[in-house]
Amino acid sequence: MTELALSPDFAPGLLAESAAARVTLIAPVARFSLRCKPASRATLARVLDLPLPETIGHRAHARSREALRLGPDEWVLTALEGDAAGIAADCAAAYDAAPHSLVELSDREVTFAIDGPGACDLLSLSLPRDLDGIGVGQGRRTVFDGQGVVLWRDEAHSFRMDVWRSFAPHVASLLATGCRELALEM
Amino acid sequence: MLLIHCPYCDETLPELEFAYAGQAHVVRAADPSSQTDEEWRDFLFIRDNVKGVHAERWQHVHGCGRFFNALRHTVSDKFLTTYKAGEPRPVLDDTERSA
């Protein structure tokens, strides 16, 4: 059982590890909120070189860029940190042809990676939603112990969770406690 | 825990993802300055308080973020149906009405 405090500067690395699950703070990524009407979607997908999924909860992936549909007119985009300026410039150039709202959220959130045989049990400690409803390769915006989070399911027992930076210490300590408790039950 | 069907996400989800937002179908006057004090009072404060089927607004605040409407029975607390904002209030048959 390893348990480390979340460092004040949010240095990426291992936060908690037990026989049940492992919690890691991953390196920063570029993050955007994209909102547009259906008529603009095809143009923006071409500009971003990334399909924008049509179904809420579905994801698309192209090279290092990823898009997850959060709502009827809303997507969250992630990309490499150095890619942020390029995405903003490309979308701004297409604004007249495809009106939209693109807001950079890179610094608002940090991402925890949660994996291991007990990953689903660990998330269920504070997640009211049925995890079976989120297929592998999908994602959802949902709530974790009162905080709005974006949950990405990469594999059956491997998740990423985007948490607002100000709530991250609370969420990290909850996850670390859960790791320890679930290992005791195994 | 109530389970609520979001008409935008098309999923039935726990109530913790949702926020209640008052009575549905309360329409603001098209020309506000033409309203009398009594009409403003009714618009702002007077609500139905039915015993039976009630139309409510809800927001999927920890999800797609959309407002939608729900028909709910105020005695049993059951959600009878949910529908997208802007759609007319659905007509229920008698079996649903007595739920």
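Model, not experiment: these values are computed from the prediction.

**Q** Mind showing me how you'd approach the overall build of chain A here?
**A** When its secondary structure is counted, chain A shows 4 helices and 12 strands. Computed over C-alpha atoms, the radius of gyration of chain A comes to 17 Å, within 12% of the 16 Å expected from 2.2 N^0.38 for 186 residues, which places it in the range of a compact globule. Summarising its shape, the C-alpha atoms of chain A cover approximately 55 × 35 × 30 Å along the three principal directions. Across the 186 residues of chain A, 51% fall into the buried class. Intrachain contacts of chain A at a sequence separation of at least 6 include 55% that bridge at least 24 residues. Total accessible area computed for chain A in this model is approximately 8400 Å², and 54% of it derives from carbon and sulfur atoms. Charged side chains in chain A number 18 positive and 25 negative. The centres of these two groups are separated by 6 Å.

**Q** What is the right way to read the sheet that holds strand β6 (residues 79-84) of chain B from this model?
**A** Strand pairing in a sheet relies on backbone hydrogen bonds, with the paired strands running either antiparallel or parallel. All names here are of chain B. What the 4 strands build is an open sheet, ordered β3-β4-β5-β6; its pairing is antiparallel. Each of the sheet's edge strands pairs with one partner strand only, and the pair in question is β3 (19-23) and β6. On average, adjacent strands in this sheet sit at an angle of 30 degrees to one another, irrespective of strand direction.

**Q** Sorry, what's going on with the domain arrangement of chain A here?
**A** Accessible area lost upon the coming together of the parts is a frequently used measure of interface size. Residues and elements named next belong to chain A. When its domains are assigned, chain A resolves into domain 1 (2-27 + 108-185) and domain 2 (30-104). Of note, the centres of domain 1 and domain 2, computed from C-alpha atoms alone, are 25 Å apart. Contact residues are listed per partner, giving 14 residues for domain 1 and 11 residues for domain 2. Note on domain 1 versus domain 2: buried area summed over both sides is about 1000 Å², and carbon and sulfur give 49% of it. On the domain 1 side of the contact with domain 2, Gln138, Arg141 and Trp152 bury the most area, a combined 48% of that side's loss. Our count for the domain 1 to domain 2 interface comes out at 5 salt bridges. When the shortest N-O distance is used, the salt bridge between glutamate 66 and arginine 160 registers 3.3 Å. Inspection of the domain 1/domain 2 interface yields 9 residue pairs in polar contact (both at pLDDT 80 or more).

**Q** What exactly am I supposed to notice about the sheet that holds strand β7 (residues 74-79) of chain A here?
**A** All names here are of chain A. Strand order in the open sheet formed by 5 strands is β5-β6-β7-β4-β8, and the pairing between neighbours is antiparallel. Two strands in the sheet have a free side with no partner beyond their single neighbour: β5 (59-62) and β8 (100-104). The sheet shows a mean angle of 20 degrees between the axes of neighbouring strands, taken without regard to direction. Both strand β6 (residues 65-71) and β7 contribute to a ladder of 5 bridges, which runs antiparallel. Of the residues in β7, the one forming a bridge with leucine 68 is valine 76. This element, helix α1 (residues 38-48), spans β4 (30-36), β6, β7 and β8 of the sheet and lies at about 150 degrees to β4. Docked against the sheet, helix α2 (residues 84-93) engages β4, β6, β7 and β8, running at close to 165 degrees with respect to β8.

Definitions and cut-offs
- Residues numbered from 1 in each chain as written.
- Chains lettered and ligands numbered in written order.
- Predicted model: local features only at pLDDT ≥ 70, side-chain atom pairs only at ≥ 80, totals over all residues.
- Heavy atoms only, no water.
- Helix = DSSP H or I, 4+ residues; strand = E, 2+ residues; numbered from the N terminus.
- Rg over C-alpha atoms; globule rule 2.2 N^0.38 Å.
- Buried < 20%, exposed > 50% of the residue type's maximum accessible area, 1.4 Å probe, protein only.
- Contact = heavy atoms within 4.5 Å.
- Areas by Shrake-Rupley, 256 points an atom, 1.4 Å probe, with all protein chains shown as cover.
- Lys, Arg positive; Asp, Glu negative; His and termini not counted.
- Charge placed at Lys NZ, Arg CZ, Asp CG, Glu CD.
- Pairing = 2+ DSSP bridges.
- Axes fitted to C-alpha atoms, helices over the stretch in contact; angles between N-to-C directions.
- Domains from an automatic or database assignment.
- Buried area = accessible area lost by both parts, 1.4 Å probe.
- Salt bridge = Lys/Arg side-chain N within 4 Å of Asp/Glu carboxyl O.
- Polar contact = N/O pair within 3.5 Å; in protein donor to acceptor, adjacent residues only side chain to side chain.

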